[in-house]
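What the coordinates show
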Amino acid sequence: MISFKQLSYALAIEKTLHFKKAAEACNVSQSALSTAITELERQLDVTIFERNNKQVLITDKGELILNKARRVKLELDELLQIAQVDNQPFANPMKIGVIPTIGPYLLPKVLPEVRKQYPDFKLRIIEEQSHNLVEMVRTGDIDAAILALPFPIDGLMSFEFWKEDFYWICHKDEYLPSMQEITSDELEIDKLMLLKDGHCLKQHALAACSLQNKTQESDFDSTTLYTLIQMVASKLGSTLVPHMALDQLICNESEIRAVHLNEPGPHRSIALVIRPNYVRTSELTILMNIFKSQLSNSCSLAAE
């Protein structure tokens, strides 16, 4: 009989294309994993993987079997979750993904309260870009993902828990005391520094300024908001950051100022994304309520 363990091992090999790395990911010996896969192929009378000392390849029939195995494993995972759901929230571990432009600013605000209310809750955080997290939700590798919308999540469900605007960050020498708001028409686009392509925050910032169809070039590409702030402090340009990140990015920066972007908002929405048949929605609702409360408190202070 084909086992859940065999399917898990086969999918781990598919992901890594490497028996040793797959064994490490599954916390088993390489010999145990190889034996399980050999037995799986014998039971199915199909070669799933072609392997030699240099590489692992997936056969055509192997692709079909792995696609089915992925769906079967997901159904079994959800069956186990249903059986484990009880009246005690967060009795079982949970894996949640978050994008890099949210994680460092959201998690320090909300996780202490989660830990305070549910000290035994085992929560694992996975930080990845949006497209990777969407695929991980689909395949069941994570329970849910925290994303900034809009972003394509075809076939998945989203539950929004926060909306926010952007703030223009400039050097103090560019700031006038009378500046309470700034419009996109007043921005010097040639001096605007944003995250490099591939980060949805860049697309959201451009959309908020109605600049999607305009050329926005910079001599500097960054993968972090913190680096952009340092460039602003060095008088190399200005940038846009979300409300959520204000307190952590500028609280100790005496050289920079923040001005609200006066364009129709909210400029981005933050949501939890799940599979349609995910069974632990009641626990996610608890988390979202904690998130809303903590964000409301911290962001109202940051804007003062």
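Numbering of residues starts from 1 in each chain and follows the order in which that chain's sequence is written. Predicted model: local features are reported for residues with pLDDT of at least 70 only, side-chain atom pairs are reported and counted for 80 or more only, and whole-chain, interface and lining totals are derived from all residues. For side-chain calculations, the full set of non-hydrogen atoms in the structure is used, while hydrogens and water are omitted.

**Quick look at the nonpolar core**
The cut-off we apply is this: In these notes, a set of buried Ala, Val, Leu, Ile, Met, Phe, Trp, Tyr and Cys residues joined through side-chain atoms within 4.5 Å is what counts as a nonpolar core. Burial status follows relative accessibility: with a 1.4 Å probe on protein chains alone, a residue under 20% of its type maximum counts as buried, one over 50% as exposed, and anything between as partly exposed. Contacts were defined at the residue level, with two residues in contact if any of their heavy atoms lie within 4.5 Å.
Of all hydrophobic cores here, the largest spans 75 residues; its most connected members are Ile 146 and Phe 161. In contact with Ile 146, other than residues within four places in its own chain, are Ile 96, Gly 97, Val 98, Ile 99, Ile 102, Leu 106, Phe 161, Ile 270, Ala 271, Leu 272 and Phe 291. Ranked by size, the runner-up nonpolar core spans 18 residues in total, among them Leu 7, Ala 10, Ile 13 and Ala 69.

**As for helix H1 (residues 4-16)**
Given 3.6 residues to a turn, an α-helix orients residues that are three or four positions apart in the same direction. What counts, and what does not: Put simply, DSSP marks the helices as runs of H or I at least four residues long and the strands as runs of E at least two long, and each gets a number from the N terminus on. Expected helix span is given by 1.5 Å per residue-to-residue step, counting one fewer step than there are residues.
For H1, with 13 residues, the first-to-last C-alpha span of 19 Å sits near the 18 Å given by 1.5 Å per residue. Taken residue by residue, H1 has Gln 6, Leu 7, Ser 8, Tyr 9, Ala 10, Leu 11, Ala 12, Ile 13 and Glu 14 as its buried positions. Backbone geometry just downstream of H1 places Leu 17 in the positive-phi region, at approximately 50 degrees.

**Examining the environment of Lys 196**
Turning to its location among the elements, Lys 196 is positioned in the loop between strand S8 (181-182) and helix H7 (200-208). For Lys 196, a relative accessible area of 36% corresponds to the partly exposed category. For Lys 196 and Thr 224, which are 28 residues apart along the polypeptide, the C-alpha to C-alpha distance reads 9.0 Å.

**A short note on the state of the cysteines**
Convention followed: Two cysteine sulfur atoms form a disulfide, by the criterion used here, when they sit within 2.5 Å.
All told, the structure shown has zero disulfides when counted by the stated rule. Unpaired in terms of disulfides, Cys 200 finds its nearest cysteine sulfur in Cys 209, a separation of 15 Å.

**Topic: the pattern of salt bridges**
For side chains bearing opposite charge, pairing can occur when the charged atoms are close. Operational definition: The salt bridge definition used is simple: a Lys or Arg side-chain nitrogen within 4 Å of an Asp or Glu carboxyl oxygen.
Following the criterion strictly, the structure yields twelve salt bridges and no others. Glu 14 is paired through a salt bridge with Arg 70; the nearest N and O atoms lie 2.5 Å apart. Of this pair, Glu 14 sits in helix H1 while Arg 70 sits in helix H4 (residues 60-84), placing them 56 residues apart in sequence. With relative accessibility at 19%, the residue Glu 14 sits in the buried group. Residue Arg 70 is classed as partly exposed on the basis of its relative accessible area of 23%. For Lys 15, the salt bridge goes to Asp 141, with nearest N and O atoms at 3.0 Å. On the criterion of sequence distance, the pair formed by Lys 15 in helix H1 and Asp 141 in the loop between helix H6 (130-139) and strand S5 (144-149) is long-range, its members being 126 residues apart. The class of Lys 15 is exposed, set by a relative accessible area of 60%.

**Details of the side chain of Gln 294**
Turning to its location among the elements, Gln 294 is positioned in helix H10 (residues 281-302). Among the residues examined, Gln 294 registers a relative accessible area of 18% and is labelled buried. Not counting chain neighbours up to four residues away, the residues in contact with Gln 294 comprise Lys 109, Val 110 and Glu 113.

**Comments concerning the environment of Ile 270**
Looking at the element boundaries, Ile 270 is found in strand S11 (residues 268-274). Linking Ile 270 and Leu 149, residues 121 residues apart in sequence, is a C-alpha distance of 6.1 Å. With residues near it in sequence (within four places) discarded, Ile 270 still touches Ile 102, Ile 146, Leu 147, Ala 148, Phe 159, Glu 160, Phe 161, Trp 162, Glu 164 and Met 244.

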